[in-house]
Amino acid sequence: MDIFVYGLSYKVRRENLIELFKPYGEVREARIIVDKETRRSKGYGFVEMDEAEANAAIAAIEGSEYMGREVHCTPAHDRQSAEAPAAE
């Protein structure tokens, strides 16, 4: 399950995301989204974990403080399905 994590400090790196989520289970992948031109963090990213572990992590981390910022996380939605027009 992919977790959308936002409200991150611009100083947070991939390793920090892994550290934040690791107590709740195996982190399969973690990535910070960066601006293509400046290469600076945009303050959000994604973490991939097993669904049960991801749900536990979301419940524990949502609204908590990390590196001086209030962090939020939700299950990530598939971009393709979010952009698809509704069936009539």
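Now for a quick tour of the structure. (Residues numbered from 1 in each chain as written. Predicted model: local features only at pLDDT ≥ 70, side-chain atom pairs only at ≥ 80, totals over all residues. Heavy atoms only, no water.)

1. A word on unusual backbone geometry
The test is simple: Counting from the N terminus, the helices are DSSP H or I runs at least four residues long and the strands are E runs at least two residues long.
One non-glycine residue with positive phi stands out, namely Arg39, at about 65 degrees. A positive phi angle, close to 55 degrees, is found at Met67, a residue other than glycine. Within the secondary structure, Met67 sits in the loop between β4 (65-66) and β5 (69-70).

2. Re the pairing of strand β1 (residues 2-6)
Rules: A simple rule labels every residue: compare its accessible area, found with a 1.4 Å probe on the protein chains alone, to the largest value its type can have, and call it buried under 20%, exposed over 50%, or partly exposed in between. At least two bridges found by DSSP between two strands are what make those strands a pair.
Where burial is concerned, the two faces of β1 differ: the one with Ile3 and Val5 is buried and the one with Asp2, Phe4 and Tyr6 is not. Pairing of β1 with strand β3 (residues 41-49) involves five bridges; the strand directions are antiparallel. Bridge pairing in β3 places Val5 opposite Gly45. Judged from the four bridges that link them, β1 and strand β6 (residues 72-75) form a sheet pairing that is antiparallel. Residue pairing in the sheet places Val5 in a bridge with Cys73 of β6.

3. A few points about helix α1 (residues 14-21)
The periodicity of an α-helix, 3.6 residues per turn, causes residues three or four positions apart to be oriented the same way. Here is the rule: Comment: arc refers to directions from the helix axis out to C-beta atoms. Residues count as neighbours in contact if any of their non-hydrogen atoms are within 4.5 Å of one another.
For α1, every residue scored as buried is listed here: Asn16, Leu17, Leu20 and Phe21. End-on view of α1: buried residues confined to an arc of 125 degrees, all on one side of the axis. In α1, the exposed positions that point more than 90 degrees away from the buried face belong to Glu15 and Glu19. For α1, the elements touching its buried residues are β1, β2 (27-34), β3, α2 (51-61) and β4.

Keep in mind these numbers describe shape, not what the thing actually does.
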